[in-house]
2 protein chains.
Amino acid sequence: MSLTGEMLIGASALRGTGQSFSGFDAASGAELAPHYGSATEADVARACTLAEEAFAPYRAASPDIRAKFLELAASKIDALGDALTDRACAETGLPRGRIEGERGRTVGQLRLFAQEVREGSWQDVRLDPALPDRKPLARPDLRMRMIPLGPVGVFGASNFPLAFSVAGGDTASALAAGCPVVVKAHPAHPGTSEMVGRAMQAAVKEAGLPEGVFSLLFGVGDALGTALVADPHIKAVGFTGSRAGGLALGKIAAARHEPIPVYAEMSSINPVLLLPGALAASGAALGKAFVGSLTMGAGQFCTNPGLLLAIPSDGLNAFVTAAGEAMGDAAAGVMLHKGILAAYEKGVAKLGDTAGVKSLGAGHKAEGKAGAAFFGTDAATFEKTPHLADEVFGAAGLLVADADLMALARLIQGLEGQLTITVHMTDDDEALFTALLPVLETKAGRILINGWPTGVEVCHAMVHGGPFPATSDARTTSVGTLAIRRFLRPVCYQNVAEPLLPDALQDANPQGLWRRIDGVMTAPV
Amino acid sequence: MSLTGEMLIGASALRGTGQSFSGFDAASGAELAPHYGSATEADVARACTLAEEAFAPYRAASPDIRAKFLELAASKIDALGDALTDRACAETGLPRGRIEGERGRTVGQLRLFAQEVREGSWQDVRLDPALPDRKPLARPDLRMRMIPLGPVGVFGASNFPLAFSVAGGDTASALAAGCPVVVKAHPAHPGTSEMVGRAMQAAVKEAGLPEGVFSLLFGVGDALGTALVADPHIKAVGFTGSRAGGLALGKIAAARHEPIPVYAEMSSINPVLLLPGALAASGAALGKAFVGSLTMGAGQFCTNPGLLLAIPSDGLNAFVTAAGEAMGDAAAGVMLHKGILAAYEKGVAKLGDTAGVKSLGAGHKAEGKAGAAFFGTDAATFEKTPHLADEVFGAAGLLVADADLMALARLIQGLEGQLTITVHMTDDDEALFTALLPVLETKAGRILINGWPTGVEVCHAMVHGGPFPATSDARTTSVGTLAIRRFLRPVCYQNVAEPLLPDALQDANPQGLWRRIDGVMTAPV
């Protein structure tokens, strides 16, 4: 596929007439052809109008048609072959294995959502049959199902150029729900975005769906995103990025005549609790493993472990020593783009300059690359220095070691919402874990034991979400099949005659759904 | 029970030191003892702090303990006997039968939520077992459940002094979810609120739950509500009332450091489509039945049928004649309070003064009471006069009759979100209904056939919700068991050892839950 630099509005490909920009090779800084033109407000309006026009026919399409479309999209992304990998590696600086793994995850996700569409429990069907003889009042026949919200605006993320971008989790779950999607490509990987966008566009065409089911817009600056969130046809927004960005989109959405939900996955420092038993049993091994998780992909994961909490002990000393040594071996990392590198370096410098914070290890540095950084402090310093709880996006970690268990407990209680909290423990730590768990549950979307938070499984039980500011909406997840629920709303049908009911609600249950009948979960027959 | 005029903060009863106010007899305007003192900001903070302190133990209580608490609350409200009915009738002007029915609904709702808590599907449990041999990466053990959000602020509604008030649907569903509740009583029925509040307070005590599970605050003016929504311990808000009120609470919630969801049920004109077959078959009977629905409870229902749409025909003429006659027989109605009566009279006067709108019938009028009003216009007038689509809370209806089917279709397409849309039809209208249904689904939370929207069944399949401005959040309902989902969020547990897992997630399934295991719905064994 040769890149043209055009945006994709429904079935069309056309050059944006706004500000021109290019992709860059993240490692060398070299500009990559072609040029992309930013979308105008008229382009946004056109894409959203097409999405609105596609909404009724797309949601009316059978689950099997929607599922086949998702599977077709997956095949077409697979078929992009090495060209996609090459371009994504160049634009992001991420290593080949990582991009290949991410592609596998992206197409696997599309296929999982295809299965989920067919399985159908997302429709949440409930039937309360009529009770004509009930006193004092008869009960009418009442049936409920979930239907899609409407067109969804999706913002590609810089740190996952495939899995959280043009055809990533937000797009897959919105399309699975029956919502057309208008994507704003992240300007740091326009070529990758165009390739995937063209695969999606081709899948829409081949599936015989209305063109407005998918559009892809390019743009630098805030104007495109603002116009997309403000467009009256857009009924929900998916975003993965910075806290400032997510909050800004939330404000635009709240200020609309009709406010809409914004699902923004924003900021998390992913605390790791190193309990005494685990440190005693394997402090050194944990220290080494920590650095592996911290520095993977130059630390550019939403779930990067940025904060460690522990009580001083010999095991902790072994942890710190091993981590410090591993840091010394850590290569300098190419970051996604210059802006992220600059923000990282500023954040690390601020940590280093903070009174009461000392360096516990540093990775190799190189011009234009990021050096990993590991710092230490105590609970009192952490408590009185609010910026120590801010995310520094990249391979920066902070250990808070304190002999005062109550001070650490207060620190945990005072944490903002997180995507993940990790606990390293052995059987000896069970009483402590049991005491902590109720607090951890209120702080994070995922609690994981004896692992590292980087690496998010796409499955049914995953939660990639959490209380504010990890996300703007703790009631949801952006990874896993539960993500479909973000784009649905319930509708009740009262006394609608059987032949006029939607398939999912008919007595004969032609879709073979699990349904709650009079409140009782009932198997399809 | 003798009323004291005190607010209930946890286990305490104390007099508010803010502005004093009283209930009034809605029919006579006479002041009703005792005086109530408005809560101060310190009172709000105290109630919310107690709620936060109660949150951990309350959510840790077993489903059976929570269910028994809800059942106990229902029994105690039942036990208030005639004293509650008398006071609620006096404070609201609603007839005895209506209040008795509403009490039955309120206690039935508490008992239904008790069942729902025990049934447990609200926990949405998903288990994805470990796949240690999967290539290239093993899958960890992942388990998901829903947990409660935290303390919830509930605003009592004026028009349902029991079912949408102190122990109404918002309170019942939040408590069922495991969230402590802080209620702001509606100042139009303080005595009713105190009685029900004391029943709730006694149920908390008798159930052995922490006192902060329930508090009840009184106040006039905006300060109390503002402080409640802004309190950092409050994690969600339930509200039923005016559009202006709901939007104001939404703005306060969005401006918090941590924005929180506001579930506001606000405004709906509940369109009724009179299809040609139905009018031909029973125009006169429908006209009479319409007036019955319009004038019930002086029209003070969120689902009051405020807009009728039809094509001119002999059947429509019969409808209009019969409706006009029935209007002539309609008694003047006592409204909930002076402010609502004044707003209704203003709204009716504005309708009557609108060019292109003519009266089709009027109910009896009386000093201090509301006369029902029925108006007619055409599609072009409706389209060019935006205020005709605004809710006039009370027994005011508007018929838009137009021979231009496309103009009516455009009108429907242009409607704002609604709680309900009603269709009157016969077999002859099926093709028209089938064409309309996809549009109606995008406009309303409930679609009902050959009935009237007043009367909302509390069951599993009910949706009392709908797109903005019917509610602030179309993804939910405020009536029926699905309402519990508003107060929940998912948490994922990764590689947590079996004995440390919450009950709902253990392999042995001690709660006997339906669970999705590897994506497959699985019965409890």
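Note that the structure is a prediction, hence the values are computed from the model and not measured.

Enquirer: Describe the domain arrangement of chain A, and please don't skip the residues or the numbers.
Expert: All names here are of chain A. As assigned here, chain A comprises domain 1 (8–26 + 34–266 + 475–486) and domain 2 (271–449). Computed over C-alpha atoms, the centres of domain 1 and domain 2 are 33 Å apart. Listed per partner, the contact involves 15 residues of domain 1 and 13 residues of domain 2. Counting each side, the surface lost to burial between domain 1 and domain 2 is near 1,000 Å², with a carbon and sulfur contribution of 57%. Joining domain 1 to domain 2, the criterion identifies two residue pairs in polar contact (both at pLDDT 80 or more). Counted by class, the side of domain 1 that touches domain 2 contains five nonpolar, six polar and four charged residues.

Enquirer: I'd like a description of the interface of chain A and chain B, backed by residues and values.
Expert: Counting residues at the interface gives 72 residues for chain A, matched by 72 residues for chain B. Summing the contributions of chain A and of chain B, the shared interface buries around 6,100 Å²; its carbon and sulfur component is 56%. Joining chain A to chain B, the criterion identifies 14 salt bridges. One salt bridge in this structure joins Glu116 of chain A and Arg516 of chain B, with 2.7 Å as the shortest N-O distance. The tally of links between chain A and chain B comes to 45 residue pairs in polar contact (both at pLDDT 80 or more). Mapped by element, the contributors of at least two residues to the side of chain A that touches chain B are helix H1 (41–60), helix H4 (96–119), strand S5 (126–128), strand S6 (142–148), helix H8 (243–255), helix H14 (430–443), strand S18 (444–449) and strand S19 (488–494) of chain A. Class assignment for the residues of the side of chain A that touches chain B results in 37 nonpolar, 11 polar and 24 charged.

Enquirer: Can you lay out unusual backbone geometry for me, pointing to particular residues and giving the numbers?
Expert: That bond from Lys135 of chain A to Pro136 of chain A is cis: its omega, 0°, falls within 30 degrees of zero. Mapped onto the fold, Pro136 of chain A is located in the loop between S5 and S6. At the junction of Phe468 of chain B and Pro469 of chain B, the peptide bond is cis and its omega measures out at 5° in the coordinates. We note that Asn509 of chain B has phi near 50°; this positive angle belongs to a residue other than glycine. With respect to the element layout, Asn509 of chain B can be found in the loop between strand S19 (488–494) and strand S20 (515–517).

Enquirer: Which residues make up the sheet that holds strand S21 (residues 520–522) of chain B, and what values do they have?
Expert: As summarised here, the arrangement of the 12 strands in space is S14(A)-S15(A)-S16(A)-S13(A)-S12(A)-S17(A)-S18(A)-S19(B)-S6(B)-S5(B)-S20(B)-S21(B), forming an open sheet in which the pairing is mixed. Each edge of the open sheet carries a strand with a single partner, namely strand S14 (358–362) of chain A together with S21 of chain B. Strand-to-strand, the axes of this sheet are offset by a mean angle of 25°, without reference to chain direction. As paired strands, strand S6 (residues 142–148) of chain B and S19 of chain B are joined by seven bridges and run antiparallel to one another. Its bridge partner lying in S19 of chain B, Leu142 of chain B is registered against Gln494 of chain B.

Enquirer: Break down the pairing of strand S18 (residues 444–449) of chain B for me, with residues and values.
Expert: Residues and elements named next belong to chain B. Of all six residues in S18, six are buried, a share of seventy percent or more. Pairing analysis gives five bridges linking strand S17 (residues 418–424) to S18, with the strands arranged parallel. For Val423, the partnering residue across the bridge sits in S18 and is Ile449. This β-α-β element, S17 to helix H14 (residues 430–443) to S18, shows right-handed connectivity.

So, how was this worked out
Residues numbered from 1 in each chain as written. Chains lettered and ligands numbered in written order. Predicted model: local features only at pLDDT ≥ 70, side-chain atom pairs only at ≥ 80, totals over all residues. Heavy atoms only, no water. Domains from an automatic or database assignment. Contact = heavy atoms within 4.5 Å. Buried area = accessible area lost by both parts, 1.4 Å probe. Polar contact = N/O pair within 3.5 Å; in protein donor to acceptor, adjacent residues only side chain to side chain. Nonpolar A, V, L, I, M, F, W, Y, C, P; charged D, E, K, R; others polar. Salt bridge = Lys/Arg side-chain N within 4 Å of Asp/Glu carboxyl O. Helix = DSSP H or I, 4+ residues; strand = E, 2+ residues; numbered from the N terminus. Pairing = 2+ DSSP bridges. Axes fitted to C-alpha atoms, helices over the stretch in contact; angles between N-to-C directions. Buried < 20%, exposed > 50% of the residue type's maximum accessible area, 1.4 Å probe, protein only. Right-handed = clockwise from strand over helix to strand, strands pointing away.

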